[in-house]
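# An overview of the molecular structure
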Number of protein chains: 2
Amino acid sequence: MDQRISFVTLAVADIDVTRRFYVDGLGWTPELDVPGEVIMFRAGEHLVLSLWERSHFEAEVGALMTGHGVAPITIAHNLATPEAVDAVLSTARAAGSPHVEEAVRRDWGGYTGLLEDGTPRFVHGYSGYFSDPDGYRWEIAYNPDPKLGAIVLPD
Amino acid sequence: MDQRISFVTLAVADIDVTRRFYVDGLGWTPELDVPGEVIMFRAGEHLVLSLWERSHFEAEVGALMTGHGVAPITIAHNLATPEAVDAVLSTARAAGSPHVEEAVRRDWGGYTGLLEDGTPRFVHGYSGYFSDPDGYRWEIAYNPDPKLGAIVLPD
């Protein structure tokens with residue numbers, strides 16, 4: 001089996017609320033929009049994010065987990081600078097995100113170049129989170145690691 | 001905010017079990033493997049799938065939803081033919097997937113070319129599901145739609 005994700009599908013309570021947040025708020029353009037059922041967005045070269053009304057999701061996949069707590073998934077959106085992270089979190093707040101956690105310096109990071117004394121220079125990562133209307137957490141991240149951070153940035 | 005997903009992160013109970021399934025079972029190659037903590041796989045041009053041990057996930061993101069039922073997410077892996085769908089589901093079964101749902105013809109699909117009388121020819125989609133060791137559902141899919149199906153296939 002190839003290492004490929006084609007679609008990421010999340011169950012949502014109300015497609016109209018989802019549309020207002022992602023389209024009107026974040027400024028995204030749907031690839032497919034079936035009112036009351038599903039809205040899909042391109043989210044990479046060969047990747048689609050699908051937000052599927054929960055009764056349709058349950059009819060095909062099964063009854064959803066209920067109860068308090070966060071869903072066991074996060075989606076990250078990586079950027080090339082800490083300033084760009086702050087800007088996207090501001091956009092999410094203005095779009096009506098129900099929960100924004102300001103970005104903080106993270107323990108993880110990467111070695112980028114050398115210090116004057118020749119030792120490798122460690123630069124910390126920086127990320128925060130916003131929730132979409134269903135509580136799905138988007139991590140907005142700056143990852144200076146030349147390997148992991150660079151892989152996920154667009155060319 | 002650009003329409004881009006950089007990482008998909010799933011909380012998992014046991015990294016060793018996850019590694020056995022994805023690496024030994026499905027034959028995937030990790031990009032990063034920190035025993036007991038996280039294992040990451042490239043899953044697209046600028047996309048990484050991260051499987052994060054749940055106590056680490058909860059420390060950063062918050063307490064997880066508990067209870068019966070499926071997680072509110074599926075990940076799809078699309079293929080160019082129905083036969084390739086069956087082959088991947090067989091691979092997942094051999095890899096020890098705890099739950100495989102054989103592929104079936106779906107109501108959705110796409111118009112591909114014309115019938116002899118000149119009317120558009122509708123071809124049904126075909127997909128099944130397997131669960132990974134934590135119960136996350138992978139949909140293995142053939143989508144004949146020239147737009148949505150083609151977007152997600154590799155060049």
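Residues numbered from 1 in each chain as written. Chains lettered and ligands numbered in written order. Predicted model: local features only at pLDDT ≥ 70, side-chain atom pairs only at ≥ 80, totals over all residues. Heavy atoms only, no water.

### Digging into the domain arrangement of chain A
Residues and elements named next belong to chain A.
- Entries for chain A in the domain assignment read domain 1 (1-62) and domain 2 (82-154).
- Between the C-alpha centres of domain 1 and domain 2 the distance comes to 24 Å.
- Listed by partner, the interface residues are twelve residues for domain 1 and twelve residues for domain 2.
- Carbon and sulfur atoms make up 71% of the surface buried where domain 1 meets domain 2, a total of about 910 Å² over both sides.
- Broken down residue by residue, the surface that domain 1 buries against domain 2 is led by F21, Y22 and L26, which jointly contribute 49%.
- Applying the counting rule to domain 1 against domain 2 returns zero salt bridges.
- Put simply, domain 1 and domain 2 have four residue pairs in polar contact (both at pLDDT 80 or more) between them. (Domains from an automatic or database assignment. Contact = heavy atoms within 4.5 Å. Buried area = accessible area lost by both parts, 1.4 Å probe. Salt bridge = Lys/Arg side-chain N within 4 Å of Asp/Glu carboxyl O. Polar contact = N/O pair within 3.5 Å; in protein donor to acceptor, adjacent residues only side chain to side chain.)

### A word on the relation of the copies chain A and chain B
- Turning chain A through 180° and shifting it by 0.0 Å along the axis lays it on chain B, with an RMSD of 0.0 Å. Such a combination of turn and shift is consistent with a two-fold rotation axis.
- Comparing interface residues between copies, 100% of those in chain A also lie at the interface in chain B; the contact surface is shared. (Least-squares fit on C-alpha atoms with pLDDT ≥ 70 in both.)

### A word on the confidence of the model for chain A
- On average, residues of chain A score 96 in pLDDT, and 100% of them reach the 70 mark or higher.
- Interface confidence for the predicted complex, given as ipTM, is 0.96, next to a pTM of 0.96. (pLDDT = per-residue confidence, 0-100.)

### Here's the deal with the interface of chain A and chain B
- Each side of the interface is counted separately: chain A has 63 residues, and chain B has 63 residues.
- The contact between chain A and chain B buries some 6100 Å² in all, and 59% of this surface belongs to carbon and sulfur atoms.
- Among the residues of chain A in contact with chain B, M1(A), Q3(A) and H46(A) are the three that bury the most area, contributing 15% of the side total.
- For K147(B), the salt bridge identified is with E31(A), shortest N-O distance 3.9 Å.
- There are 40 residue pairs in polar contact (both at pLDDT 80 or more) connecting chain A and chain B.
- Take the side of chain A that touches chain B: its biggest share by element is seven residues, from strand β5 (residues 73-79) of chain A.
- Broken down by class, the residue content of the side of chain A that touches chain B amounts to 38 nonpolar, 14 polar and eleven charged.
- Pairing analysis gives four bridges linking β5(A) to strand β1 (residues 7-12) of chain B, with the strands arranged antiparallel. Looking across to β1(B), one finds that T74(A) is bridged to T9(B). (Helix = DSSP H or I, 4+ residues; strand = E, 2+ residues; numbered from the N terminus. Nonpolar A, V, L, I, M, F, W, Y, C, P; charged D, E, K, R; others polar. Pairing = 2+ DSSP bridges.)

### Topic: the side chain of R106(A)
- Inspection of the secondary structure puts R106(A) in strand β6 (residues 100-114).
- Given the relative accessible area of 14%, R106(A) is considered buried.
- Only 2.8 Å separates the side chain of R106(A) from the side chain of S127(A), close enough to count as a polar contact.
- Aside from chain neighbours lying at most four places away, what touches R106(A) is H124(A), G125(A), Y126(A), S127(A), G128(A), Y129(A) and E60(B). (Buried < 20%, exposed > 50% of the residue type's maximum accessible area, 1.4 Å probe, protein only.)

### So, the sheet that holds β5(A)
- Pairing is mixed across the open sheet formed by eight strands, whose spatial order is β6(A)-β7(A)-β8(A)-β5(A)-β1(B)-β4(B)-β3(B)-β2(B). Because the sheet does not close on itself, it has two edges, and the strands there are β6 of chain A together with β2 (30-34) of chain B. For this sheet, the mean angle separating the axes of adjacent strands, direction not counted, is 25°.
- Pairing of β6(A) with strand β7 (residues 120-131) of chain A, which is carried by eight bridges, proceeds in the antiparallel orientation. Considered in β7(A), the bridge of E101(A) is made with Y129(A).
- Here helix α1 (residues 15-25) of chain B sits on the sheet and contacts β1, β2, β3 (38-44) and β4 (47-53) of chain B; the angle it forms with β3(B), its principal contact strand, is near 30°.
- Across the face of the sheet, helix α2 (residues 54-61) of chain B comes into contact with β5, β6, β7 and β8 (137-142) of chain A together with β1 and β4 of chain B while running at roughly 100° to β4(B). (Axes fitted to C-alpha atoms, helices over the stretch in contact; angles between N-to-C directions.)

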